[in-house]
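Residues per chain, in single letters:
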Amino acid sequence: MQEIELKFLVPESRLKGLMRQAKVKSSQVTQLAAHYYDTPDQQLAQAGIGLRIRKENDTWVQTIKAAGDGIAARLEHNAILDNEQVQTMLDDNELMPDLTIYEDTSVAPALADFKLKKLQKALTRLYVTDVQRTTRLLTETNDDDINSCIEVAYDQGEIIHGTDKTQRKIIQEIEFELVSGDIDFLFMTAKTWCKRYKLCLSTVTKAENGGLLINEQDHSPAVDADLSQLQVDKDSSAPAFIRSVVHNCLLQILPNSSAIIAGSTDHEHILQLRVGIDRLHAALKAFADFSDEINPEWLSILEQTANLLGTYYQLTYIGSHIEPELQALGAPAVDWTTDIEDIKITPINTLQANDFQITLLELIAFTMSDPSIEPHTDQLACDKLAKILTKQYKKCIKTSKKIEAFSRLDDNDDIDEDVIDDSQSEDKLCNHLKELRYVSEFSIPLLSKKKSKKKTRRWLKRLAKAQAALAQRNDDSKYHAFYALKSATDTNALYGAGWFAAMLTDDPTYIEARLAKFRDSATFW
C-alpha cells in the first residue's frame, strides 16, 4: 500500500488555534507507543526504511515504511499482531519484528538488497516513541461526484532512547494523509491550514528523528544535488521531463529546508538549500514552455528566497571561516556577532514565510500531477533541449566576449557605453554560466550519446571551472564590501578590506584562461 501524506511542524504561537480545529467533536484521541528497530549501524535508516511495532490503543501493529512513488508518497505495510504473543515477548524483553511477512508484499523490493535472515538476527530496538495522536476526517465531494477524504493527525509526545531513558526528543507535528479520492483535495486542504496556522513542511520522519537522538545529533547532514535520482529518458515528454527535474531539485531543497525550519544554522544546510533553489529556478526559467501548469510566480518567490539566504550565508561565513583565515595571517580580530544578530530576516524567518511554504506545496503537487493530460504530452523533451541550450550558451559567449573586449581597452580608447554596461557585469556572466551548467546537467541524459560521454564530461568540467572562477571573484567583491563598510566603525576591518581589494586587482588571466577554454570547447548537443 502507498500512503500519500504531508507533514508540517507547528509553531508554538499557532498551536492553540490549530488544536481548536483538530479537537472537534468527531475527532479521536489515540495513545501510540511504538518500538523502532534497525541494525546497530542503522542499515535500514540508510536505505530510507522505517520499521516499528506500535500499540494503537489496544492493538499491536507491525509497520514498515519505505520510499514511495513521489515526494509525498511512502510505501507502507501494516500487520496486526497477536496481543498475547506480543505481551509475552514484552514480559521477556524479547519483542522483535518478523521480517518473513514481507516476502510477497509491495514492500519486498525495498528489502531486496538485504538478506532477511541475516537482517533479522541483527535487528535491535534503538528507540521508542510515546505519542498522543488526535485525528479527524475531512471530506469533500467535487463536481464529478468524486468523494475525497483526508485524515488530519496532530501528534504530540516524545522519542525516547532505547537504552537511556534520560535522552528524549519532543515531537509536535501535524500530518495530512489522503485516505481516498482526489489528491488535489489533499493539497488544497494543506495549503489552507498552512496559510492559517503558519505551518512549515518537514520531511523528517519519526524514524529519522529517532536516529538523530541515538546518534546525539540535532539534524541530519546537508543534502547535495543527486542527479543519479533524475528519472528521465530519451522518450520523456516535455511535461514529464520538467516534472522529473523539479522532483530532483526538491529532493535537495526539502531536507535542507526541513533542517533549517527545525532550528539548524549550519552553513552547509543553508548553502545546499541555496544551490537547490538556484537549480530549480534555472530549470523553471529554461523549461517554462514544457508545461502549462508552471506558475510564473514561483520564479520570483524562489529568487527572493535565494537572495535572502545568500546575504545571511555570506555574513556568517565571514565570521566562521574568513576571519580565522585572516587572523592566521596576522590580521587583527573583527567581531561580526552584532552584524549577524542585526540581520532582520534569518534563514528560518525566510523559510517560514507563507509564500515560500505555499510554493513548496504547489511544486510538490506539480510533480505528482499527471503529465499525460497536458497539451504538450506528445512533444518529446529531447526535441526542444538543443535549442534551449544553444540560446543559453550564446548568452554566455556574448557576455564573455564583451568582458574580454573591455579588459583590453586602454585609457585613451573610445568606449562604447553598451560594452561598459555589459563588460562590468561579471555577476551577470556568472549567473549565465551557472544556469547553463544546471540546464546542461538536466539535459545530458537525453542528449549525450555513449560515444561522446568523454567530450560531454570535458565540456561540463570546463564550464564548471569558468563559473567557479567568476563566482569566487564575485564572492571576494562582496566580502570586500562587507569589510569596507565595517571599517567605518571598526578600524580592525581595514586589514580585511585591503586583503580583498588586493585579491580583486590580481592578474585576471586566471579567469580569462578558464573562459577561453570554455569558449573553445565544442558543445555536446
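Here the structure is a predicted model, which is why all the values come from computation and not from measurement. (Residues numbered from 1 in each chain as written. Predicted model: local features only at pLDDT ≥ 70, side-chain atom pairs only at ≥ 80, totals over all residues. Heavy atoms only, no water.)

Peer 1: Teacher, can you tell me more about the overall build of the chain here?
Peer 2: What the chain contains, in helices and strands, is 18 helices and nine strands. The globule rule puts the C-alpha radius of gyration for 525 residues at 24 Å, and the 27 Å found for the chain is close to it. Taken along its principal axes, the extent of the C-alpha atoms in the chain is 95 × 60 × 50 Å. Here the chain, with 525 residues, has 47% of them falling under the buried criterion. By sequence separation, contacts in the chain at least 24 residues apart represent 74% of the contacts at least 6 residues apart. Summed over its atoms, the accessible surface of the chain is roughly 26600 Å², and 49% of this surface lies on carbon and sulfur atoms. (Helix = DSSP H or I, 4+ residues; strand = E, 2+ residues; numbered from the N terminus. Rg over C-alpha atoms; globule rule 2.2 N^0.38 Å. Buried < 20%, exposed > 50% of the residue type's maximum accessible area, 1.4 Å probe, protein only. Contact = heavy atoms within 4.5 Å. Areas by Shrake-Rupley, 256 points an atom, 1.4 Å probe, with all protein chains shown as cover.)

Peer 1: Would you mind showing me how to read the environment of glutamate 216 here?
Peer 2: The residue glutamate 216 is located in the loop between α6 (206-214) and α7 (238-261) in this model. As for glutamate 216 and glutamine 167, which are separated by 49 residues in sequence, their C-alpha atoms are 9.0 Å apart.

Peer 1: I tried to follow a positive patch on the surface on my own but got confused; where do I start?
Peer 2: Together, Lys453, Lys454, Lys455, Arg457 and Arg458 line one region of the surface with positive charge. Take lysine 455: it is sitting in helix α16 (residues 453-486). (Patch = residues over 30% accessible without salt bridge, like charges linked within 9 Å, V, L, I, M, F, W, Y side chains within 5 Å. Salt bridge = Lys/Arg side-chain N within 4 Å of Asp/Glu carboxyl O. Lys, Arg positive; Asp, Glu negative; His and termini not counted. Charge placed at Lys NZ, Arg CZ, Asp CG, Glu CD.)

Peer 1: Explain the pairing of strand β8 (residues 168-180) to me, please; I cannot follow it from the model alone.
Peer 2: A regular strand carries its side chains on alternate faces of the sheet. Note: strand β1 (residues 2-9) against β8, five bridges, orientation antiparallel. Note on β8: the bridge partner recorded for leucine 6 is phenylalanine 176. With twelve bridges connecting them, strand β7 (residues 147-161) and β8 associate as antiparallel partners. Residue pairing for β8: isoleucine 150 is matched across the bridge by leucine 178. Between β7 and β8, which pair antiparallel in sequence order, lie six residues. (Pairing = 2+ DSSP bridges.)

Peer 1: Looking at this structure, I do not really get the confidence of the model for the chain. What am I missing?
Peer 2: Parts of the prediction with low pLDDT should not have their coordinates interpreted in detail. Residues at a pLDDT of 70 or more form 96% of the chain, whose mean pLDDT is 91. When mean pLDDT is taken per element in the chain, α7 scores highest with 98 and helix α14 (residues 417-423) scores lowest with 47. (pLDDT = per-residue confidence, 0-100.)

Peer 1: Would you mind going over the packing of aromatic side chains with me for this structure?
Peer 2: Each aromatic ring pair is specified by the distance between its two centres and by the angle formed by the two planes. Tallying each qualifying case throughout the model produces 19 aromatic pairs. Geometrically, the ring pair formed by phenylalanine 176 and tryptophan 193 is edge-to-face, given 5.4 Å between the ring centres and 75° between the ring planes. Pair noted here: phenylalanine 176 is in strand β8 and tryptophan 193 is in helix α5 (residues 183-197), with a separation of 17 residues, a long-range link. Using a relative accessible area of 4% as the deciding quantity, one classes tryptophan 193 as buried. Aromatic pair tyrosine 393 and tryptophan 525: ring centres 5.9 Å apart, planes at 80°, arrangement edge-to-face. Residue tyrosine 393 is located in helix α13 (residues 382-407), and its partner tryptophan 525 is located in the segment after α18 (509-520); the two are separated by 132 residues in the primary sequence. The exposure class assigned to tyrosine 393 is buried, which follows from its relative accessible area of 15%. Put simply, the rings of Tyr313, Tyr317, Trp336, Tyr479, Tyr483 and Phe500 pair up and form one aromatic cluster. The cationic tip of lysine 486 hangs over the ring face of tryptophan 336; the distance from NZ or CZ to the ring centre is 5.3 Å. (Phe/Tyr/Trp six-rings, centres within 6.5 Å; stacked < 30°, edge-to-face > 60°. Lys NZ or Arg CZ within 6 Å of the ring centre and 35° of its normal.)

Peer 1: Even after reading the chapter, I still don't get the pairing of strand β3 (residues 50-56), so can you show me in this structure?
Peer 2: Counting buried positions along β3 yields five of seven residues, so the element is predominantly enclosed. Bridge analysis of strand β2 (residues 28-38) against β3 gives six bridges, and the strand direction is antiparallel. Counted as the bridge partner of tyrosine 36 is arginine 52 from β3. Looking at chain direction, β3 and strand β4 (residues 59-67) are connected through seven bridges and run antiparallel. Residue pairing in the sheet places arginine 54 in a bridge with valine 61 of β4. Between β3 and β4, which follow one another and run antiparallel, lie two residues, and asparagine 57 among them has a positive phi close to 60°.

Peer 1: Can you help me understand helix α17 (residues 494-504) in this one?
Peer 2: Every α-helix carries 3.6 residues per turn, so stepping three or four residues along brings you back to the same face. Those residues of α17 lying buried are Gly496, Ala497 and Phe500. All buried residues of α17 lie within an arc of 100° about the axis, which places them on one face of the element. The secondary structure elements touched by the buried residues of α17 are α9 (297-328) and α16. (Arc of directions from axis to C-beta.)

Peer 1: Hey, could you run me through unusual backbone geometry in this one?
Peer 2: With the exception of glycine, the majority of residues adopt a negative phi angle, and the majority of peptide bonds are in the trans configuration. Although it is not a glycine, glutamine 42 sits at a positive phi angle of roughly 60°. On the secondary structure map, glutamine 42 appears in the loop between β2 and α2 (43-46). Positive phi outside glycine occurs at asparagine 57, with the angle close to 60°. Note that asparagine 57 resides in the loop between β3 and β4. On the basis of relative accessible area, asparagine 57 is assigned to the partly exposed category, the value being 42%.

Peer 1: I keep staring at empty space enclosed by the protein and nothing clicks. Help me out?
Peer 2: In this approach a probe as big as a water molecule rolls over the atoms, and the regions it shows empty are the leftover space. In total, this model carries one cavity of 30 Å³ or more according to the counting rule given. Its volume calculated, the largest cavity comes out at about 30 Å³. Along the walls of the largest cavity sit Leu32, Ala34, Tyr36, Arg54, Thr129, Val131 and Lys206, which together make up its complete lining. Secondary-structure elements contributing two or more residues to the lining of the largest cavity are β2 and β6 (124-141). For the lining of the largest cavity, the element with the highest residue contribution is β2, accounting for three residues. Its residues assigned to classes, the lining of the largest cavity shows four nonpolar, one polar and two charged. (1 Å grid on protein atoms, 1.4 Å probe; cavity = no way out; pocket = protein on both sides within 12 Å on 5 of 7 lines; lining within 4 Å. Points joined across faces, edges and corners; volume = space filled by probe spheres on them. Nonpolar A, V, L, I, M, F, W, Y, C, P; charged D, E, K, R; others polar.)

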